[in-house]
Amino acid sequence: MKIWKRYSKREVIYGLIFASPAIIFFGAFYIFPIFRAFQISFYKWDILGTPSYTGLGNFKRLLTLGEFYQSLRASLYYAFGTAVPIWFLAMGFALAFNNKFRFNTSYLVIFYIPVVIPLIVWTILWRLMYHPSYGLLTFVTKPLGLVNIPWLTSSKLAMPSIIILSIWKGTPAYMIIYLAGLTSIPKEYIEAAQIDRATKFQTFRYIIVPLLKPVILYVVIISVIIAFQIFDPFYAMTAGGPGSTTRVVPLFVYQSAFHHLKMGIASAASIIFFSMILILSFILLKVFGFEREE
Amino acid sequence: MEKTKIILKAEQARRIKILKKILFYLLMTIGMIIVVFPTIYMFSGSLMTLGQIFSTPIRLWPSEFHFENYREVFVRFDLHRYFFNSTLVAIAVIALNVFFCPLVGYSLAKFRFPGRELLFLFILSTMMIPFDVIVIPLFLVIHRFGWVDSYQAVIIPQAMTAFGIFLMRQFIRGTPDDYIDAARIDGCKEFQIFYRIIFPLSMPAITTLVILSFVATWNSFLWPLIVLTSDAKKTLPIALARFLSLYSQEWNLLMAASVIASGPVLILFAFLNKHFIEGMSGLSGLK
């Protein structure tokens, strides 16, 4: 065996021994479940009895079921409704924080508090804040002449209300990623542009954006992927309601599997959802990957 | 004449500059208020009576502090039990991560064996898998082990993270090989090299790893919700969600419980905010 001669025996043995926990762990908790999910999606199964094979039955049922389409639509609405404003807000704040100013770090630390506190805590707090007559938000809306706003109980407002909470919590998280990218841009580039009398916008458009491309691409894609997986506020704030206007796919999967014990349907839904996320990420990659420069 | 004009112009430019500065601070402060307001409201609400919370116009600050809310939250909600559960789970997850992530990272960084890059890529690619896809089969695995409603059901699937391994591998790659070789010449066993040399040298990255795994575990919701079925085993986030549906009218207690659930992360953040922010700026898992 020629190939083995390139490696030292000691390195191969100990390398594999040290890496083996990861092989077992990711195999058992990620790779095996993925294959199982595909398998289960072809069966009708209530977890207690024996599974019966239905072929593509689960997929057919989902795709003819209005309920699942509504979930997909709710997820799309939520993910892009949250991610798109975050792209711009996070960039705005990152540019602001990239300036040197007094109390820069103190502002930054305060700004970051929403990120570290558990999402379920914010879900509780915002649910109280959204209370139509005693919620904190009436403090802002009352002077504007708006009273008794049914934030979470109107089918039109429920989703935007959760989106507002998510933007509020998500912006600082992504701002930090942009900021890390911004601080790595050499000062000379910006100074050179200023000497050439570039306006602030021109500096941003022609110096900062091209240099920040990889970071922007990362934020754009990751923010959408993560938004698609958010579960807590939908579970504890609206429970999918009113009607099923906020029953996003993760909640749909959770309810089908663990309330209605429809393992096959839930698995099929998660697989359709996964494929959709993959395709969307690919499209985003194409759109925001910008054209490759010469 | 010319001179005064120039001076006037300079004066004007200076004023615009100051005005811009004021505007900048004003906007930043408004932004900060929007961010901090819910946090402050959580603290002040936790110290109010229900009568004060449900008064019109809305009170932002209690007239006197009602610390007894905190006592009541422990007596009536058994909060100490959930706090204990969360703490136990968090400590176990951190301990496992601090052992396994550097170990695997060390192997991927310093040992040459066939398929190493493939293994690294494979570990990284698991970050792309949405949790919803694996949650059902993962539950079945845990069910098969007979672990449903046990601490290990929450702990073991979080024993390693792809990001943690990535973090450690990148850091350990920067460690000079000379240290390792010198230790080997001195007769160190392979595993001794790991815990005597690699581990201490990786402390900065391990600190980040501790923070990240603590926050992720302390805040995790969906998975504990599924596998922890009895009240005695529930972690804080799950208990909080239950309080919200059981005691939806008792806002002051809900807020006191929220303060306690946020306490450990907030205290840690107060001391290690630089580590938090640096660690998370390279992190994808920001939920």
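Residues numbered from 1 in each chain as written. Chains lettered and ligands numbered in written order. Predicted model: local features only at pLDDT ≥ 70, side-chain atom pairs only at ≥ 80, totals over all residues.

Visitor: Lay out the domain arrangement of chain A with the relevant residues and their values.
Guide: Many authors give the size of an interface as the accessible area that is lost as the parts come together. In terms of domain boundaries, chain A breaks down into domain 1 (2-40) and domain 2 (65-288). In this structure, domain 1 of chain A and domain 2 of chain A have C-alpha centres spaced 35 Å apart. (Domains from an automatic or database assignment.)

Visitor: So what's going on with the interface of chain A and chain B? Residues and values would help.
Guide: Contact with chain A, which involves 73 residues of that partner, is made by 67 residues of chain B. For the side of chain A that touches chain B, the element with the most residues is helix α2 (residues 9-40) of chain A, which contributes 20 residues. Grouping the amino acids of the side of chain A that touches chain B by side-chain chemistry returns 65 nonpolar, five polar and three charged. (Contact = placed C-beta atoms within 7 Å. Helix = DSSP H or I, 4+ residues; strand = E, 2+ residues; numbered from the N terminus. Nonpolar A, V, L, I, M, F, W, Y, C, P; charged D, E, K, R; others polar.)

Visitor: Can you explain the packing of helix α13 (residues 263-288) of chain A against helix α6 (residues 131-144) of chain B? Please cite residues and give values.
Guide: In contact at an axis separation of 8 Å, α13(A) and α6(B) are set at 155° when each is read in the N-to-C sense. Taken together, the axes of α13(A) and α6(B) are roughly antiparallel relative to one another. In terms of crossing hand, the pair formed by α13(A) and α6(B) is left-handed. Contacts between α13(A) and α6(B) involve A:Met263, A:Ala266, A:Ser267, A:Ser270, A:Ile271, A:Phe273 and A:Phe274 on the former and, on the latter, B:Asp132, B:Val133 and B:Ile136. Among the residues making up the contact of α13(A) with α6(B), the classes are represented as seven nonpolar, two polar and one charged. (Axes fitted to C-alpha atoms, helices over the stretch in contact; angles between N-to-C directions. Parallel < 35°, antiparallel > 145°, perpendicular 65-115°, else oblique. Left-handed = near helix turned anticlockwise from the far one by under 90°.)

Visitor: How would you explain the environment of A:Ala257 if you had to name every residue and give the values?
Guide: Looking at the secondary structure, you find A:Ala257 in helix α12 (residues 249-258). For A:Ala257, a count of 24 C-beta atoms within 10 Å corresponds to the buried category. A sequence separation of 210 residues divides A:Ala257 from A:Ile47, and the C-alpha atoms of the two residues are 8.9 Å apart. Among all residues touching A:Ala257, those that are not within four sequence positions of it are A:Lys262, A:Met263, A:Ala266 and B:Ile136. (Buried ≥ 20, exposed ≤ 12 C-beta atoms within 10 Å, placed from the backbone.)

Visitor: Give me the lowdown on the domain arrangement of chain B, citing residues and values where you can.
Guide: One can read the domain layout of chain B as domain 1 (2-45) and domain 2 (72-281). If you average the C-alpha positions of domain 1 of chain B and of domain 2 of chain B, the two centres end up 41 Å apart.

Visitor: An account of the nonpolar core is requested, with residue identities and associated values reported.
Guide: A:Ala90, A:Tyr178, A:Ala269, B:Val104, B:Leu240 and B:Ala257 are the most contacted members of the largest nonpolar core, which has 160 residues in total. Among the elements that make up this core, the one with the highest residue count is helix α14 (residues 251-281) of chain B (14 residues). Leave out the neighbours within four places in its chain, and B:Val104 touches A:Phe18, A:Ala19, A:Pro21, A:Ala22 and B:Ile165. (Core = buried A, V, L, I, M, F, W, Y, C linked by C-beta atoms within 7 Å.)

Visitor: Mind laying out the packing of helix α6 (residues 119-129) of chain A against α14(B), listing which residues take part and the relevant values?
Guide: For the pair α6(A) and α14(B), the least separation of the axes is 10 Å and the interaxial angle reads 155°. The angle between α6(A) and α14(B) falls in the class roughly antiparallel. The element α6(A) and its partner α14(B) pack so that their crossing is left-handed. For the pair α6(A) and α14(B), the contacting residues are A:Val121, A:Ile124, A:Leu125 and A:Leu128 in the first and B:Trp251, B:Leu254, B:Ser258, B:Ala261 and B:Ser262 in the second. Here the residues of the contact of α6(A) with α14(B) sort into seven nonpolar, two polar and no charged.

Visitor: Break down helix α3 (residues 68-77) of chain B for me, citing the residues and quoting the values.
Guide: All names here are of chain B. By the burial criterion, the buried members of α3 are Asn-69, Val-73 and Phe-77. For α3, the angular spread of buried residues about the axis comes to 50°, placing them on one side. More than 90 degrees from the buried face of α3, the exposed residues found are Arg-71 and Val-75. Against α4 (79-110), α13 (236-246) and α14 lie the buried residues of α3. (Arc of directions from axis to C-beta.)

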